[in-house]
Amino acid sequence: MSAVVRRPVAFVAALVLFAEAVGVVLINGILATVVRNQDMSLAGMDPAVMSSGTWVMGGVFGLYLLLCGLLLLLAGIRDRAPGRFARVVLILCAVVHGVLGALVVGLVGWTAFAFLMVALGLIVLTLVAYGTRSDEPADDAGASAPAPV
């Protein structure tokens, strides 16, 4: 895939993950506020603990999405394949989007599912478009047809 396609895809994927990070933190903040305000316990658990846990979970997941977006942004700026660590982080991000998409379709609806699948597709397309990390150019000599015998 040419740089004309893969760089914009990496940039769009990074922007989608940045927006998703803000949305995740916002939604978890709303959920934490609701849990704190209702002043009810779940199986004897303190509402303040549940509220704090929701804030922490939203913050950690938001930071993870920001990291993934930053890795995609760097890949787009450099126009190079992500390194080993970045590829592992992005593959895990794609897996998380797939699992969350499967769960969210029943809990939230098809719109959230579609958003998660678009994000998943952009992450996977970026990983496939850049291929493996290689500093030397590809050798096309092996790709030609074998010589007749």
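A brief report on the enclosed structure follows. Predicted, not measured: the structure shown is a model, and the values here were computed from it.

Another point: unusual backbone geometry. A positive phi is found at Asp79, a non-glycine position, where the angle reads about 55°. One can find Asp79 in the loop between helix 2 (47-78) and helix 3 (84-107).

Attention shifts here to the pattern of salt bridges. This model, assessed by the stated rule, comprises one salt bridge. Across the pair Arg6 and Asp79 runs a salt bridge, and its minimum N-O distance is 3.1 Å. Here Arg6, found in helix 1 (residues 3-38), pairs with Asp79, found in the loop between helix 2 and helix 3; they are 73 residues apart in sequence, far enough to count as distant. Judged by relative accessible area, which is 19%, Arg6 ranks as buried.

Following the criterion strictly, the structure yields two aromatic pairs and no others. Ring plane angle 20° and centroid distance 6.5 Å describe the contact between Phe61 and Tyr64, whose orientation is recorded as stacked. Here Phe61 pairs with Tyr64, and both are found in helix 2, just three residues apart, close to one helical turn. A ring pair is formed by Trp110 and Phe113, whose centres lie 5.4 Å apart and whose planes are at 85°; its orientation type is edge-to-face. Placement of both Trp110 and Phe113 in helix 4 (residues 110-130) is noted, with a separation of three residues, approximately one turn of the helix. Look at Trp110 and you get exposed, because its relative accessible area is 63%.

Membership of the largest hydrophobic core comes to 21 residues, with the highest contact counts inside it found for Leu17, Leu65, Cys68, Leu72, Leu90, Cys93 and Ile123. For this core, the elements supplying multiple residues, two or more each, are helix 1, helix 2, helix 3 and helix 4.

This next bit is on the side chain of His97. Its location among the elements puts His97 in helix 3. Here His97 is in contact with Leu17, Glu20, Leu65, Leu116, Met117, Ala119, Leu120 and Ile123, once residues within four sequence places are set aside.

Conventions we followed
- Residues numbered from 1 in each chain as written.
- Predicted model: local features only at pLDDT ≥ 70, side-chain atom pairs only at ≥ 80, totals over all residues.
- Heavy atoms only, no water.
- Helix = DSSP H or I, 4+ residues; strand = E, 2+ residues; numbered from the N terminus.
- Salt bridge = Lys/Arg side-chain N within 4 Å of Asp/Glu carboxyl O.
- Buried < 20%, exposed > 50% of the residue type's maximum accessible area, 1.4 Å probe, protein only.
- Phe/Tyr/Trp six-rings, centres within 6.5 Å; stacked < 30°, edge-to-face > 60°.
- Core = buried A, V, L, I, M, F, W, Y, C linked by side-chain atoms within 4.5 Å.
- Contact = heavy atoms within 4.5 Å.

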